[in-house]
Amino acid sequence: MPRRPVTVLTVLALAPAALLGQDRRPIGTAVNTDVEPPNVPSAIRAVRIESSTPSIDGRLDDEAWLHAPPLAQLVQKEPVEGAVPSESTAVRFVYDNRALYVAFRAYDRQPERVYGRLMRRDGRTAADQFSLYIDSYYDQRTSYQIQLNPSGARRDVFIYNDGGGQDDSWDPVYDWATQKDSLGWTAELRIPFSQLRFPPGDSVVFGVRVQRMINRRNEELNWPFFRRDQVGEASQYGDLVGLQGIPSPKRLEVVPYTAGTTEFSQAEEDNPFATGRQSDIRAGGDLKYGLTSGLTLDATVNPDFGQVEADAAEVNLTEFESFFPERRPFFVEGTDLFRFGLNPVVRSRFPGGGGGGGGGGGGGGGGGGGRGAEGLVFTRRIGRPPQLGPDDAGGHAEHVQQTTILGAAKVSGQIPGGWAVGLLQAFTAKEYAQIVDSAGVEGRSAVEPFTSYTVLRAQRNAAGGRLVYGAIGTGTIRDLSEPRFNELHQNAFTGGADIYHRFGGDGYEISAALLGSRVAGDVEAILETQTSSARYYQRPDKTHTTLDSSRTALSGFAGNFRIAKVLGFVTWEGRWVTRSPGFESNDLGYLRSADLHEQRAEVNFRWLRPGTVFRRFEIELSQNAEWTYGWERTETAVDARVSGDFHNFWNLSLSADREFSSLSATLLRGGPAFVEPGNWRFAAMGRTDFRRPVWLRGGIRHEREQASNAHSWSPDVGIGIRPPGPFSLSIGLRFRKATTDRQYVVSETPADSTYYVFGRLDRTEYSTNWRVDLAITPRLSVELYAEPFLSHGDYLSFAVVDDPKADNYSGRLDPLEADRLYRPGGGGDVEVDIDRDGNVDFTFEEPNFKVVSFRTNAVVRWEFRPGSTLFLVWQQNRFDRVDDGSLNYLDAFTAPGTQLFMVKLAYWLGT
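Analysis parameters
- Within any chain, residue numbers begin from 1 and follow the written order of that chain's sequence.
- Only residues with pLDDT of 70 or above have their local features reported here, since the model is predicted, and side-chain atom pairs are shown and tallied only from 80 upward, although totals for entire chains, interfaces and linings are computed over all residues.
- As a rule here, side-chain values come from all non-hydrogen atoms in the structure, and water together with hydrogens is ignored.
- A run of H or I in DSSP becomes a helix once it reaches four residues, and a run of E becomes a strand once it reaches two; helices and strands are each numbered from the N terminus.
- Put simply, the radius of gyration uses C-alpha atoms, and a globule should come to 2.2 Å times the residue count raised to 0.38.
- When a residue's accessible area, from a 1.4 Å probe over protein chains only, is under 20% of the maximum for its type it is buried; when over 50% it is exposed; and in between it is partly exposed.
- Contacts between residues were defined by any pair of non-hydrogen atoms, one from each residue, lying within 4.5 Å.
- Every accessible area reported is derived by Shrake-Rupley at a probe size of 1.4 Å, with residue values counting cover from the shown protein chains alone.
- Only four residue types enter the tally: Lys and Arg on the positive side, Asp and Glu on the negative side; His and the chain ends are excluded.
- Taken as the charge location is NZ of Lys, CZ of Arg, CG of Asp or CD of Glu.
- Patch membership requires over 30% relative accessible area and the absence of a salt bridge. Like charges are linked within 9 Å, and nonpolar side chains (Val, Leu, Ile, Met, Phe, Trp, Tyr) within 5 Å.
- When a carboxyl oxygen of Asp or Glu lies within 4 Å of a side-chain nitrogen of Lys or Arg, that pair is called a salt bridge.
- Here the rule is simple: two strands pair whenever DSSP picks up at least two bridges between them.

**Student:** Let's hear about the overall build of the protein: which residues, and what values?
**Tutor:** If you tally the helices and strands in the protein, you get three helices and 49 strands. Radius of gyration (C-alpha) of the protein: 29 Å, near the 29 Å computed for a compact globule of 911 residues. Dimensions of the protein, computed from C-alpha atoms along their principal axes, come out at roughly 100 × 75 × 50 Å. Split into buried and exposed, the 911 residues of the protein put 54% on the buried side. Counting contacts in the protein only where the partners sit at least 6 residues apart, residues at least 24 apart contribute 66% of the total. Summing over all exposed atoms, the protein offers an accessible surface of approximately 38,100 Å²; the carbon and sulfur share of this is 54%. Between the averaged position of the 99 positive side-chain charges in the protein and that of its 116 negative side-chain charges there is a distance of 8 Å.

Rendered as structure tokens:
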């Protein structure tokens, strides 16, 4: 092993000691988990009101509040852990048969400095804030958060996996009001019991957490006391007692909608499906019904997602499918129970961030992109773009953008015995594309079969939310009545069981999962599965699998295990992930790679109490290794990261990664494994104080491969601007300049010999994203997102693979010089004379490209009455590409594309 990475890791590990000098703690103080929390009560009582209910106006002058005991023992978490608050707070709870009422009084000796800011619902901003967390079912795993600031702006979030995840698509219907006055500020809430889930009984207990933020001091106060390194969220709450005789609420909500859309695009001569304008009117609706006090039915008919923001633009040159997160409200809200990742859940870097609670969680996983998103349930498969292209018989065909969702329903919630259960069922239509063939005859071509999607999940909580175990099953069944559908699976089933346990005074975590899959269909479909980029059974040097073109089914298994220490100055974790070659979950889930064993070990040193330099500081050292099921080593890497928060609330993170030479089983896309040389990766990222009217973030990543001199630079900067008033603006600038020595181009087999062609690609990408938020009132907002994008790729040279496992890098590639390669330019095909005999052995398309894109999404959202919303939407999608020509960044604004205008009215009817 080279000595350089060891030296770098040693320097990074010893850097804090070098800074110590005579002062033993200039970085910070290691967290001491032996400190006793302040002596505060563990419960607060809610008082039943029999007469008049409070008027929700923020004044707190109602008689009902005089009978409720105040909760006043909040404790600092930031900036001085465990300290007495700088300002006093009082919170009171009362209730009647229909709702819970909350009064919040934030005393402030400088009321003129109380800071509130209007923002769109569920937006994030820096302001004084009051947050109420309610674990109404008292399962110590899930909770609801309602956050208000002095201007009346609100954010409501469902928290699951004991703080491991958040869902801000939860939009309950409740009343709220805030006021500023000479004593500070106040907030008043009325939360209908119909918006919460709780077990039946004459007397119930809610888990509760109260949090206050004082913006100018960056002071966070909590009841009960929350440590900085607290692991868990709902499992750490106090109790709200005194709730007696609450009748089971009638939970019925219906939200019908109607929408009209007009789309303008560039007309095409003689194409009846590209006339330049298309309009339609549609209707549908959502239903929410409380089957029991803990179980809820959510259903949708002909759902509309026209107001959902478009995906970011990209040019994908890899062998893997791009991942874009789910944004459609019906499939985001309440689907936390259905999350079942292929990888272990990993805690957050710095635990216990404001408003989110600690890390922890289990039984879920799957956020972000790439490996982290892999799981058994990826709901964007439901209503996906058709998987087959239309057979236009040389004519024209309609472009079907999405498969129609006929209907979908979810039943989820809690049942007695500590069990959470969930059922998700959806049906999508058999989809046709209208066609006009070359003779002018009209017809239609099937592009997607009728499909049923099912997910069933059960999970049990025990030991105060610290032990969780359960099982999941998914099924995808298609009606393959058309011969064209033979390349799709007729059915696909996956299943799994998982367990998570936090123990040792919440200091340790262990989790494990075991999964299985089976897909079946015509031989064409199973052959496609065997040869997909997730497994490449056809790889000629692969000895641990066999490609079988007669198979009609494929099965596999997967599993993961993680053990970690999550409290204290030193934390660590070890994990193992395995997936057999035949494991497949892409019909309803998301899978990039099967046929792997992966191992990771990590150790962290954390200074979580302020010192003379940093408020917090962390060093992380980790190691990764990966193999195929034939024990071919496909990754060996070590990395180091240091990160810290300064006293001025700026932060900085530096990292260095060393990846050693290893095999790539996918680089040649079904060809033999290729020995890739090692490389170095460096990154630096930082951010200024988010509370300021103008704040900056920035980062740069650099990668270099010594053997080939391939390299990349990726700076990424952003600015956030919040001038006085309801307007805010954020701008992100991203640039990437990369030279890649092994960009796969094509494989050809002339005269029984297969040649794999690589290109040395010089690639440049620019992207700017603009996000504008204007909150006119707490219920009326305007949001604008815009992203111009340019990607430019020039192939400087080409080479064929000679010996993919040669000892020296130069022996692995055979350059194609001018005597064997002809590039005519102007978009003409590249010609290759592999043996220099004067005859062209094969050709391939000129791979140079320039792509421009401009996507915008503008939404006016007016909640004109609680739960009822009017949307005005404008969407623009411009795109252009040339294989060998000229496009520049400004061309994105004039490229051909579509303009869509939509009006949508959704009306809430509920009890």
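There is more to say after this.
**Student:** Describe a nonpolar patch on the surface, and please don't skip the residues or the numbers.
**Tutor:** Residues Phe561, Ile563, Trp572, Trp576 and Trp631 make up a contiguous nonpolar surface patch of roughly 480 Å² in combined accessible area. Contributions of two or more residues to the nonpolar patch are made by strand E28 (553–565) and strand E29 (570–579). Here Phe561 is to be found in strand E28. Judged by its relative accessible area of 36%, Phe561 is partly exposed.

**Student:** How would you summarise the pattern of salt bridges if you had to cite specific residues and measurements?
**Tutor:** Under the counting rule described, the total for this entry stands at 62 salt bridges. Arg641 is paired through a salt bridge with Glu620; the nearest N and O atoms lie 3.3 Å apart. Of this pair, Arg641 sits in strand E32 (residues 633–646) while Glu620 is found in strand E31 (residues 614–627), placing the two residues 21 residues apart along the sequence. One exposure class covers both Arg641 and Glu620, and it is buried.

**Student:** Explain the sheet that holds strand E45 (residues 842–844) residue by residue, including any values.
**Tutor:** Strand order in this open sheet of three strands is E43-E44-E45, and the pairing throughout is antiparallel. If you trace the sheet from one side to the other, it starts and ends with strand E43 (821–822) and E45, each paired once. For strand E44 (residues 830–832) and E45, the ladder comprises three bridges, and the chain directions are antiparallel. Its bridge partner lying in E45, Val830 is registered against Phe844.

**Student:** Provide a residue-level description of unusual backbone geometry, including the pertinent values.
**Tutor:** The bulk of non-glycine residues show a negative phi, and the bulk of peptide bonds are trans. The step from Glu78 to Pro79 runs through a cis peptide bond, and the omega angle for that step is 0°. For Pro79, the position within the fold is in the loop between strand E4 (75–78) and strand E5 (89–95). Note the cis peptide between Trp223 and Pro224, where omega equals -5°. Positionally, Pro224 belongs in the loop between strand E14 (219–223) and strand E15 (238–244). One non-glycine residue with positive phi stands out, namely Asn302, at about 50°. On the secondary structure map, Asn302 appears in the loop between strand E18 (295–301) and helix H2 (329–332). On the basis of relative accessibility, which here comes to 29%, the residue Asn302 falls in the partly exposed class. For Asn709, which is not a glycine, the phi torsion comes out positive at approximately 60°. Residue position: Asn709 is located in the loop between strand E37 (694–705) and strand E38 (710–721).

**Student:** Explain the environment of Ala373 to me, using residue names and the numbers behind them.
**Tutor:** Along the chain, the position of Ala373 falls in the loop between H2 and strand E19 (396–397). Judged by its relative accessible area of 8%, Ala373 falls in the buried class. When the C-alpha positions of Ala373 and Ala68 are compared, they lie 46 Å apart, and in sequence the two are 305 residues distant.

**Student:** Kindly report on the environment of Ile619, identifying the contributing residues and their values.
**Tutor:** Considering the arrangement of structural elements, one finds Ile619 in strand E31. Owing to a relative accessible area of 2%, Ile619 belongs among the buried residues under this scheme. Residues Ile619 and Val642 lie 23 residues apart in sequence; the distance between their C-alpha atoms is 4.5 Å.

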